[in-house]
Amino acid sequence: MVDNLEESLFDKTPFVKKRIENGVLKLDLNGDWNIHSIFLVDDEMRKLEECNFCEVVVMIEGISRFDISGGWLVERFCYTLRKKGINVDLQGFQNSSWMSLFHSAAQSIDDHHKIVSLKKRRFLSFVESMGFFTISYIQDFITVLSLIGSIFFRGVIGSRKNNFHGLMCPSIVSRVDMMGMKAAPITIFIAFFVGAILANQGAFQLRSFGADIFVADFVGILVFRELGVLLTAIIVAGRSGSAITAEIGSMKMHEEIDALKVMGVNPLTVIIVPILFALILIVPLLTILAEIAALAGAFMVLDIYSGITLDVFCRRIADAVQGSIYFYGLFKATVMALIIGMIASLEGLKVTRSAESLGKHVTSSVVKSIFFVIVFDGLLSICMR
C-alpha cells in the first residue's frame, strides 16, 4: 500500500524522485525548496512520513535554491521518521551554510516539540495536582473524624473514669496562659483599630445622609455577629495554630510520641485533649475581649468625628444587638476553636523526620485553619440569618 502511494506521489511532483535499492528508500530532492515553493510539496512529504522502510537516504544535492523554510520541511520529515525508529541519512550538502541552515531548522523543531511536550506535562501536572489535592482533603477529613472519635472515647470518657486526672489540668492551665493570656494584647490592639476603621468609614459614608447615629448600630451588629469572632479566630490560627503544629511536629521528629506509646501513655490524652480544651476556653474569652476593644475603638472615632456620647452609643448598641447575637458569636467561637485545634494537631502528626516537612506542615496548618474558619463562618452566616 505504501509503495503504491509513493509511486502515485512521484508522478505528481517534480521536487522528489524515488528509488529503492536493497530495501533502502532513496529520495532525490530537486528544484527550489524555499518559502515560495514548499507549499507544493508539503502534503506529499507528510504522506511520505507514513513509509515503513528500515532505512531512508535523503539526497539534497539536486536542490537549486534553498532557505530556512525548505530546511525546516526536510528536517521535519527526518525528525518524524527517526521518532518512528527509522534510520535516516541526509546527504549532499553543497556548502557549510547549508549545514548551518539545517542545524537551525533542527533546533527549531526540537524547541517546538519541547514546548508542546512541556504544555502537555503542565496540563497533566495540573490534573495530577488537583487529584492529589482532592484526595489529601478527603484523607484529612477521614483522619479528623477518626481523631475526634479517639479523643472523645479515650480522652474524655477515659478521663472521667479516672476522676479527670487524664485531662492533665496543669497542662490545660499552662496552654491557656500561653495561647490565651499572651495572645490577648495583640488581639485587643488589632480589634481596637479595626473597630475604629469601621466606624470611621461608616461615619463618613452615612454623614451625607444625616445618619451618623446608625453607625453605632452597624458596628455593634457587625462586631458581635461576625467581626469579633472571625478576627479572633484568624489571630489564634496564625499565632497558636502554628505553635501547636510546630510543637507536635517537633515531638514527632524526635520520636517523643513513639516513646509515649511505648510507655503505655496515650498521646491523644496527654497532648491533643489539653490543647482542645484550652482552645475551647480561650477563643470565646478572646472573642469577648476583641468585641469590647472593637467597640471602644468605634466609640472613640464616633465621639471625635460625630459627637456621639457614651450614653447614646451604649443605648444604640443595646437596642440594636439582641441577646441571640451574643450567643451566636460565642457558639461560632467554640466551633472555630475546635477547627483550629484539630487542623493544627493533625498537621503536626503528619510531620516526618525533616526540617522541611516541619516548615511545610506549619504553613499548611495556618493556611488550612484560616481557610476553614472563613468557610465555616460564611456557611453559618448564610444558614443562620
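Residues numbered from 1 in each chain as written. Predicted model: local features only at pLDDT ≥ 70, side-chain atom pairs only at ≥ 80, totals over all residues. Heavy atoms only, no water.

Asker: Sorry if this is basic, but what is going on with the overall build of the chain here?
Answerer: In terms of regular secondary structure, the chain is built from 12 helices and 4 strands. Within the chain, the proportion of its 385 residues that are buried is 43%. Working note: accessible area of the chain is about 21,000 Å², and carbon and sulfur atoms make up 65% of it. (Helix = DSSP H or I, 4+ residues; strand = E, 2+ residues; numbered from the N terminus. Buried < 20%, exposed > 50% of the residue type's maximum accessible area, 1.4 Å probe, protein only. Areas by Shrake-Rupley, 256 points an atom, 1.4 Å probe, with all protein chains shown as cover.)

Asker: Looking at this structure, how should I read the packing of helix H7 (residues 214-253) against helix H9 (residues 267-305)?
Answerer: Relative orientation and spacing of two packed helices are given, respectively, by the angle between their axes and the distance between those axes. For the pair H7 and H9, interaxial distance at closest approach is 7 Å and the crossing angle is 145°. For the element pair H7 and H9, the recorded crossing hand is right-handed. Grouping the amino acids of the contact of H7 with H9 by side-chain chemistry returns 20 nonpolar, 4 polar and 1 charged. (Axes fitted to C-alpha atoms, helices over the stretch in contact; angles between N-to-C directions. Left-handed = near helix turned anticlockwise from the far one by under 90°. Nonpolar A, V, L, I, M, F, W, Y, C, P; charged D, E, K, R; others polar.)

Asker: What is the right way to read the confidence of the model for the chain from this model?
Answerer: Do not read the fine detail of predicted coordinates wherever pLDDT is low. The pLDDT averaged across the chain works out to 77; a share of 79% of its residues lies at or above 70. Predicted confidence in the chain is weakest over helix H1 (residues 2-10), with a mean pLDDT of 42, and strongest over H7, with 88. Low pLDDT, under 50, characterises residues 1-13; the predicted model gives this stretch 23 contacts beyond four residues in sequence or across chains. (pLDDT = per-residue confidence, 0-100. Contact = heavy atoms within 4.5 Å.)

Asker: Sorry if this is basic, but what is going on with the pairing of strand E2 (residues 24-33) here?
Answerer: For a regular strand, the rule is simple: side chains alternate between the two faces of the sheet. For strand E1 (residues 16-21) and E2, the ladder comprises 6 bridges, and the chain directions are antiparallel. The partner of Glu21 across the bridge, within E2, is Val24. (Pairing = 2+ DSSP bridges.)

Asker: Looking at this model, I keep getting lost on the packing of H9 against helix H11 (residues 323-349). Mind explaining?
Answerer: For the pair H9 and H11, interaxial distance at closest approach is 8 Å and the crossing angle is 145°. In this structure, H9 crosses over H11, and the sense of that crossing is right-handed. Residue-level inspection shows Ile272, Leu276, Leu279, Ile280, Val283, Pro284, Thr287 and Ile288 of H9 in contact with H11, the latter providing Leu330, Ala333, Thr334, Ala337, Leu338, Ile340, Gly341, Met342, Ser345 and Leu349. By residue class, the composition of the contact of H9 with H11 is 14 nonpolar, 4 polar and no charged.

Asker: Got a minute to help me understand the environment of Val265 in this structure?
Answerer: Its location among the elements puts Val265 in the loop between helix H8 (256-262) and H9. A residue is classified by how much of its surface remains accessible, and Val265, at 29% relative accessible area, is partly exposed.

Asker: Before we go on, may I ask you to explain H9 in this structure?
Answerer: Within an α-helix, residues lying three or four positions from one another point in the same direction, as the helix has 3.6 residues per turn. The terminal C-alpha atoms of H9 lie 55 Å apart, and with 39 residues this matches the ideal 57 Å at 1.5 Å per residue to within 8%. Of all the bends in H9, the greatest reaches close to 30° and is centred on Val273; the proline Pro274 follows between one and four positions later. Gly307 occupies a position one or two residues after H9 and carries a positive phi of about 70°. (Expected span 1.5 Å × (residues − 1). Bend = angle between axes of the 7 residues up to and from the residue.)

Asker: Could you clarify how one ought to interpret helix H10 (residues 310-320) in this entry?
Answerer: For H10, every residue scored as buried is listed here: Phe313, Ile317 and Ala320. Buried residues in H10, looked at end-on, bunch into an arc of 75°, giving them a common side. Exposed side chains of H10 directed beyond 90 degrees from the buried face belong to Asp311, Ala318 and Asp319. Contacts made by the buried residues of H10 are with H7 and H9. (Arc of directions from axis to C-beta.)

Asker: Explain the side chain of Thr245 to me, please; I cannot follow it from the model alone.
Answerer: Looking at where Thr245 falls in the secondary structure, it is placed in helix H7. Setting aside residues up to four positions removed in sequence, Thr245 forms contacts with Ala344, Glu347, Gly348, Leu358, His361, Val362 and Ser365.

Asker: Help me understand the pattern of salt bridges in this model?
Answerer: It is possible for side chains of opposite charge to pair when their charged atoms get near one another. If you walk through the whole model with that rule in mind, you get 8 salt bridges. Where Arg175 meets Glu247, a salt bridge forms, and the shortest distance between an N and an O atom there is 2.8 Å. One end of the pair, Arg175, is in helix H5 (residues 169-181); the other, Glu247, is in helix H7, with 72 residues separating them in the sequence. With relative accessibility at 9%, the residue Arg175 sits in the buried group. With a relative accessible area of 27%, Glu247 lands in the partly exposed category. Between Lys368 and Glu347 there is a salt bridge whose closest N-O contact spans 3.0 Å. In this pair, Lys368 is assigned in helix H12 (residues 355-383) and Glu347 in helix H11, connecting sequence segments 21 residues apart. Summarising the burial analysis for this pair, Lys368 and Glu347 share the class buried. (Salt bridge = Lys/Arg side-chain N within 4 Å of Asp/Glu carboxyl O.)

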